[in-house]
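# Residue-level structural notes
What follows is the residue order along each chain.
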Amino acid sequence: MNPDIVQGAAAQRGVTAPAGFRAAGAAAGLKASGGPDVALVVNDGPSRQAAAVFTSNRVAAAPVHWSRQVVSDGRVDAVILNSGGANACTGAEGFGNTHTTAEKTAEALGVSATDVFVCSTGLIGEQLPMEKLLPGVDAAAAGLDDDGGAAAADAIRTTDSVPKESIAVEAGYSIGGMAKGAGMLAPGLATMLVVLTTDAELSSDDLDAALREATRVTFDRTDADGCMSTNDTVVLLSSGASSVAPDSGAFTRALTGVCHDLAQQLITDAEGASHDIAITTVNAASEEDAETVGRAVARSNLFKTAIFGQDPNWGRVLSAVGTTDAVFTADELNVSINSVQICRNGGIGDSREAVDLSGRKVTVEIDLNAGNQTATIWTNDLTHEYVHENSAYSS
């Protein structure tokens, strides 16, 4: 964990920890539970630079199409988010509803609709009830507060059991963030919405470079179930309120720490999961090979159910490795689970009975003996609860 990451109650200011930001959460009635379902994050400046990355799913939601246009000039004044409906696969009416949401937000804040970023999450294939959403936008705008980060993080939850927030405090500036996501976690970001804020003074180009590097090694390597969403969005806003212009490398490292912390919270809260699994591939010929191998294992239902059953079945690891195009020789592969090398040189290693899988955290190390590159993929086990929750999601 990055030593500058703030944890516990102190992290609950989230996106409003950096100076120059206000946020709010409100209940519009989009969720059957009646809980908060509209969040608003506003950048009060003096700078309003921004960058974002989105799902690579070719079936992208209306808010993704809208927000890509908004951030194209490097400026975002506000982010309006709703849970309780994805507004995906909703055609021209759905895009029109996104536009209307941006206009309503802009009217409430006195800004331009073309500077309002829109995010939605929930069930695909249903139109948003605008007669509920638009009053919810007004309620969120009325509730804006420079300590409203926790309320906003709560309002974007869908199947999440807890809000997810993180803060990094650096020399003269800070970074805050909130995320939602518990299922459909796969690269192309992982299935989630993330808002990141900073009071550092940076250009949109610098923000974009830092965000892409941070997401590459955190959210893009978070792979709960191999299912990619239509709505994935990560947006980074800079207020410049600290007047500190940090070194780009130092800022990227701090931002990566926040993204890593949020990504780990996503994995821990993954639907029904009982184990958090870090799969590290070492001594690969390339970083791409290391990532490919780790992802193949992370997406093996046989491996994931074995971990759920507390069975250190290394044969399932090797069979997944063998499906990849990574460079390796089969009789030079080593596999360790929780630091016990149960596969050595492609065959039997130490006794699998020495592996204790009763705890929440599981580490898997796959040694390809083909180079010096490393990558880690984070995943979780596959449980009865995951099947139940997703089979009943829309009913």
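Residues numbered from 1 in each chain as written. Predicted model: local features only at pLDDT ≥ 70, side-chain atom pairs only at ≥ 80, totals over all residues. Heavy atoms only, no water.

### Some points on the sheet that holds strand β14 (residues 347-348)
Reading across the sheet, the 6 strands line up as β14-β13-β12-β15-β11-β16 and stay open at both edges, with mixed pairing between neighbours. This sheet does not close on itself; its edge strands, each paired only once, are β14 and β16 (373-380). Here strand β11 (residues 276-284) pairs with β16 via 7 bridges, running antiparallel. If you follow Asp276 over to β16, its bridge partner there is Asn380. The strands touched by helix α6 (residues 248-268) are β11, β15 (361-367) and β16; relative to β16, the strand with the most contacts, the crossing angle is about 40 degrees. Packed onto the sheet, helix α8 (residues 301-308) meets β11, β15 and β16 and runs at close to 125 degrees relative to β11. (Pairing = 2+ DSSP bridges. Helix = DSSP H or I, 4+ residues; strand = E, 2+ residues; numbered from the N terminus. Contact = heavy atoms within 4.5 Å. Axes fitted to C-alpha atoms, helices over the stretch in contact; angles between N-to-C directions.)

### Here's the deal with the environment of Asp154
As for its placement among the helices and strands, Asp154 is situated in helix α4 (residues 149-155). Aside from chain neighbours lying at most four places away, what touches Asp154 is Lys31, Pro36 and Pro163.

### Concerning the packing of aromatic side chains
Centre-to-centre distance and the angle between the planes together describe a pair of aromatic rings. With the rule as written, the count across this model stands at 3 aromatic pairs. Between Phe54 and Phe117 the ring centres are 5.8 Å apart and the planes differ by 20 degrees, which places this aromatic pair in the stacked class. With Phe54 in strand β4 (residues 49-54) and Phe117 in strand β6 (residues 116-121), this pair connects stretches of sequence that are 63 residues apart. Taking the relative accessible area as the measure of exposure, Phe54 reaches 14% and is therefore buried. (Phe/Tyr/Trp six-rings, centres within 6.5 Å; stacked < 30°, edge-to-face > 60°. Buried < 20%, exposed > 50% of the residue type's maximum accessible area, 1.4 Å probe, protein only.)

### Considerations on the environment of Asn283
Turning to its location among the elements, Asn283 is positioned in strand β11. Exposure remark for Asn283: the relative accessible area of 28% places this residue in the partly exposed category. For the pair formed by Asn283 and Gln373, sequence separation is 90 residues and the distance between their alpha carbons is 5.2 Å. For Asn283, the residues in contact, after removing those within four places along its chain, are Asp367, Leu368, Asn369, Ala370, Gly371, Asn372, Gln373 and Thr374.

### Some remarks on the packing of helix α5 (residues 204-216) against α6
As a packed pair, α5 and α6 sit with axes 9 Å apart at the nearest point and diverge in direction by 45 degrees. Considered as vectors, α5 and α6 are oriented oblique to each other. Two packed elements cross with a definite hand, and for α5 against α6 that hand is right-handed. Together, Leu207, Ala210, Leu211, Glu213 and Ala214 of α5 and Phe251, Thr252, Leu255, Thr256 and Cys259 of α6 make up the contact between the two elements. Looking at the contact of α5 with α6 residue by residue, the class counts come to 7 nonpolar, 2 polar and 1 charged. (Parallel < 35°, antiparallel > 145°, perpendicular 65-115°, else oblique. Left-handed = near helix turned anticlockwise from the far one by under 90°. Nonpolar A, V, L, I, M, F, W, Y, C, P; charged D, E, K, R; others polar.)

### Section: unusual backbone geometry
That bond from Gly45 to Pro46 is cis: its omega, 20 degrees, falls within 30 degrees of zero. Mapped onto the elements, Pro46 comes out in the loop between β3 (38-43) and β4. Here the phi dihedral of Ser243 falls at roughly 60 degrees; this positive angle occurs in a residue that is not glycine. Assignment of secondary structure puts Ser243 in the loop between β10 (233-238) and α6. Owing to a relative accessible area of 57%, Ser243 belongs among the exposed residues under this scheme. Although it is not a glycine, Asn283 adopts a positive phi angle of roughly 55 degrees.

### Considerations on the pattern of salt bridges
Per the counting criterion, the structure on display carries 19 salt bridges. Among the salt bridges present, the one from Asp147 reaches Arg13, with a minimum N-O distance of 3.0 Å. Separated by 134 residues along the polypeptide, Asp147 in the loop between α3 (130-142) and α4 and Arg13 in the loop between β1 (5-6) and β2 (21-26) bring together distant segments of the chain. Residue Asp147 is classed as partly exposed on the basis of its relative accessible area, which comes to 46%. Put simply, Asp223 and Arg299 hold a salt bridge, and the shortest N to O gap is 2.9 Å. Residue Asp223 is located in the loop between α5 and β10, and its partner Arg299 is located in the loop between α7 (287-298) and α8; the two are separated by 76 residues in the primary sequence. (Salt bridge = Lys/Arg side-chain N within 4 Å of Asp/Glu carboxyl O.)

### Quick look at the nonpolar core
By size, the foremost hydrophobic cluster in this structure holds 49 residues, and its most contacted members are Val79, Leu81, Phe117 and Met178. Here the element with the most residues in this core is α3; it accounts for 6 residues. Residues contacting Val79, with those up to four places away along its chain left out, are Ala39, Leu40, Val41, Phe117, Cys119, Val195, Val235 and Leu237. (Core = buried A, V, L, I, M, F, W, Y, C linked by side-chain atoms within 4.5 Å.)

### Overview of the state of the cysteines
In the structure shown here, the tally under the stated rule is 0 disulfides. Cysteine Cys259 remains unbridged, with the sulfur of Cys119 as its closest cysteine sulfur at 15 Å. A residue is classified by how much of its surface remains accessible, and Cys259, at 0% relative accessible area, is buried. (Disulfide = S-S within 2.5 Å.)

### Concerning the environment of Lys164
Of note, Lys164 is situated in strand β7 (residues 164-169). Of the residues examined, Lys164 reaches a relative accessible area of 1% and is grouped as buried. Beyond its immediate chain neighbours, meaning those up to four positions away, Lys164 contacts Ala153, Gly177, Met178, Ala179, Gly181, Leu262, Gln265, Leu266 and Asp269. Side chain to side chain, Lys164 and Asp160 meet in a polar contact 2.7 Å long. A polar side-chain atom of Lys164 sits 3.3 Å from the main-chain carbonyl oxygen of Val162. (Polar contact = N/O pair within 3.5 Å; in protein donor to acceptor, adjacent residues only side chain to side chain.)

### Observations regarding the sheet that holds strand β5 (residues 78-83)
Read across the sheet, 4 strands follow the order β2-β3-β5-β6 without closing on themselves; strand pairing throughout is mixed. Whereas interior strands pair on both sides, the edge strands pair on one side only; in this sheet they are β2 and β6. With direction set aside, neighbouring strand axes in the sheet form an average angle of 10 degrees. Where β5 lies against β6, 6 bridges are found, and the strand directions are parallel. Among the inter-strand pairings, Ser83 is bridged to a residue of β6, identified as Thr121. In the packing of helix α2 (residues 91-109) onto the sheet, the strands contacted are β3, β5 and β6, and the crossing angle to β6 comes to about 130 degrees.

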